[in-house]
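A closer look at the structure
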Amino acid sequence: MASFESDRYDNSPVDPSAGELSPQLAGFRQLVLERGRELYRDLPWRRSRDPYEVWISEVMLQQTQVSRVDGRWQRWIERFPSVSALAAAEAAEVLDEWQGLGYNRRAMSVWRAAQQVMEQGAVMPSEVGELVKLPGIGPATAAGIRAFAFNLPSVYLETNVRTVFLHELFPEVEGVPDKELLPLVEACCPRDSHDPADDPRSWYFSLLDYGAWLKRSVPNPSRRSAGHTRQSRFEGSHRQKRAMVVRALLARGKEGVTAEDLERELTAFELGAGREAVSLEDTRALLDELASEGFCTLSGNAWSI
């Protein structure tokens with residue numbers, strides 16, 4: 001593979017006299033495109049330019065390994081093949097299909113966003129400003145939709161992209177803030193969508209694939225980002241208890257479940273794992289929290305989705 005030598009970047013992404021990328025960034029782009037061709041991953045969602053299908057893949061891939069998404073994305077698209085199909089589904093159906101992907105809030109967000117899209121004319125927007133108005137879509141997800149569905153220039157800064165920029169342009173530099181990376185990401189994204197070897201889609205695919213390779217091959221450069229935080233432990237966490245409550249509610253269906261029954265289930269699991277029992281007060285607090293986010297409702301003394 002080719003190599004790219006760099007000192008800390010000089011904060012001059014564009015040569016003002018020529019209106020072009022600096023020689024350093026031009027060399028960086030050439031390297032990334034070469035690596036991208038060598039390391040390209042033929043992932044199923046990359047074969048689609050449907051904005052809805054791209055959107056679902058982007059949300060699923062947030063904090064979830066590609067190997068877990070491959071298969072689940074196809075199943076989701078088969079069950080909810082369009083924005084309208086997703087918007088018309090019940091919350092319980094959406095949450096049921098999402099199980100195993102983690103962070104159930106993402107499922108609720110895409111469901112609500114689909115309903116909002118339908119209310120606004122049933123067309124996914126292509127502009128970042130409009131996309132980020134939809135529930136659960138932040139700047140990175142919006143940029144991914146814009147690049148991969150519409151092949152339009154975007155500032156797509158996610159973990160693999162960040163990894164490449166840090167590795168190549170900020171070697172051994174600690175605490176690099178995203179505000180230093182964002183102008184570089186923007187400057188490097190091609191404006192021309194007519195060259196399939198170097199358009200926004202192929203450029204970001206190259207960054208993603210090279211970044212994924214780097215994370216397997218060298219000490220993860222993204223840890224040198226100023227915003228890097230280690231993911232909190234899942235076992236025994238509040239997040240795990242929330243997920244268990246959601247699964248229990250889905251298992252009971254419309255008949256629901258009482259807080260007392262949920263307390264017994266949670267306590268049995270925690271004691272079996274060598275942890276402390278869960279109180280009825282804590283169980284009710286979990287249910288109230290989930291209810292405030294639209295996950296469940298109370299009817300009589302039974303909770304259900």
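As a reminder, the structure under discussion sits directly above these lines.
Report on the accompanying structure. All of these numbers come straight from a predicted model, not from anything done at the bench.

**Describing the overall build of the protein**
Helix and strand counts for the protein stand at 14 helices and 4 strands. Overall size of the protein, expressed as C-alpha extent along the three principal axes, is 70 × 45 × 30 Å. By the burial criterion, 47% of the 305 residues in the protein qualify as buried. In the protein, the share of contacts with a sequence separation of at least 24, taken over all contacts with a separation of at least 6, comes to 64%. Accessible surface, the protein as shown: approximately 15,000 Å² in total, 49% of it carbon and sulfur. On the protein, the mean spot of the 36 positive side-chain charges and the mean spot of the 45 negative ones are 3 Å from each other.

**A look at the side chain of Glu-270**
Take Glu-270: it is sitting in helix α13 (residues 259-272). Using a relative accessible area of 2% as the deciding quantity, one classes Glu-270 as buried. Side chain to side chain, Glu-270 and Arg-275 meet in a polar contact 2.8 Å long. With residues up to four places along the chain from it excluded, the contact list for Glu-270 reads Gly-236, Gln-240, Lys-241, Arg-275, Glu-276 and Val-278.

**Quick word on the pattern of salt bridges**
What the rule picks out here adds up to 18 salt bridges. Between Arg-29 and Asp-198 there is a salt bridge, with its nearest N and O atoms 2.7 Å apart. One end of the pair, Arg-29, is in helix α1 (residues 23-39); the other, Asp-198, is in the loop between α10 (178-188) and α11 (200-217), and 169 residues separate them in sequence. Relative accessible area serves as the criterion here: at 17%, Asp-198 is assigned to the buried category.

**Considerations on the nonpolar core**
Counting 84 residues, the largest nonpolar core has Phe-28, Trp-55, Trp-76, Leu-86, Phe-165 and Tyr-204 as the members making the most contacts within it. Here Phe-165 is in contact with Phe-28, Phe-170, Leu-181, Leu-184, Val-185, Cys-188 and Leu-207, once residues within four sequence places are set aside.

**Considerations on the layout of surface pockets**
Considered as a void within the structure, the second largest pocket measures approximately 190 Å³ in volume. Sorting elements by how many residues they give to the lining of the second largest pocket places helix α5 (residues 91-98) first, with 4 residues. For the lining of the second largest pocket, the residue count by class is 5 nonpolar, 1 polar and 4 charged.

**With respect to the packing of aromatic side chains**
This model, assessed by the stated rule, comprises 11 aromatic pairs. Taking the centre distance of 6.0 Å and the plane angle of 70 degrees together, the rings of Trp-45 and Trp-73 count as edge-to-face. Taken as a pair, Trp-45 in the loop between α1 and α2 (51-60) and Trp-73 in helix α3 (residues 66-79) lie far apart in primary sequence, 28 residues in all. Judged by its relative accessible area of 7%, Trp-45 is buried. Each ring, one from Tyr-156 and one from Tyr-204, has its centre 5.4 Å from the other, and the planes form 85 degrees; the classification is edge-to-face. Here Tyr-156, found in the loop between α8 (139-150) and α9 (159-169), pairs with Tyr-204, found in helix α11; they are 48 residues apart in sequence, far enough to count as distant.

Cut-off values and rules
Residues numbered from 1 in each chain as written. Predicted model: local features only at pLDDT ≥ 70, side-chain atom pairs only at ≥ 80, totals over all residues. Heavy atoms only, no water. Helix = DSSP H or I, 4+ residues; strand = E, 2+ residues; numbered from the N terminus. Buried < 20%, exposed > 50% of the residue type's maximum accessible area, 1.4 Å probe, protein only. Contact = heavy atoms within 4.5 Å. Areas by Shrake-Rupley, 256 points an atom, 1.4 Å probe, with all protein chains shown as cover. Lys, Arg positive; Asp, Glu negative; His and termini not counted. Charge placed at Lys NZ, Arg CZ, Asp CG, Glu CD. Polar contact = N/O pair within 3.5 Å; in protein donor to acceptor, adjacent residues only side chain to side chain. Salt bridge = Lys/Arg side-chain N within 4 Å of Asp/Glu carboxyl O. Core = buried A, V, L, I, M, F, W, Y, C linked by side-chain atoms within 4.5 Å. 1 Å grid on protein atoms, 1.4 Å probe; cavity = no way out; pocket = protein on both sides within 12 Å on 5 of 7 lines; lining within 4 Å. Points joined across faces, edges and corners; volume = space filled by probe spheres on them. Nonpolar A, V, L, I, M, F, W, Y, C, P; charged D, E, K, R; others polar. Phe/Tyr/Trp six-rings, centres within 6.5 Å; stacked < 30°, edge-to-face > 60°.

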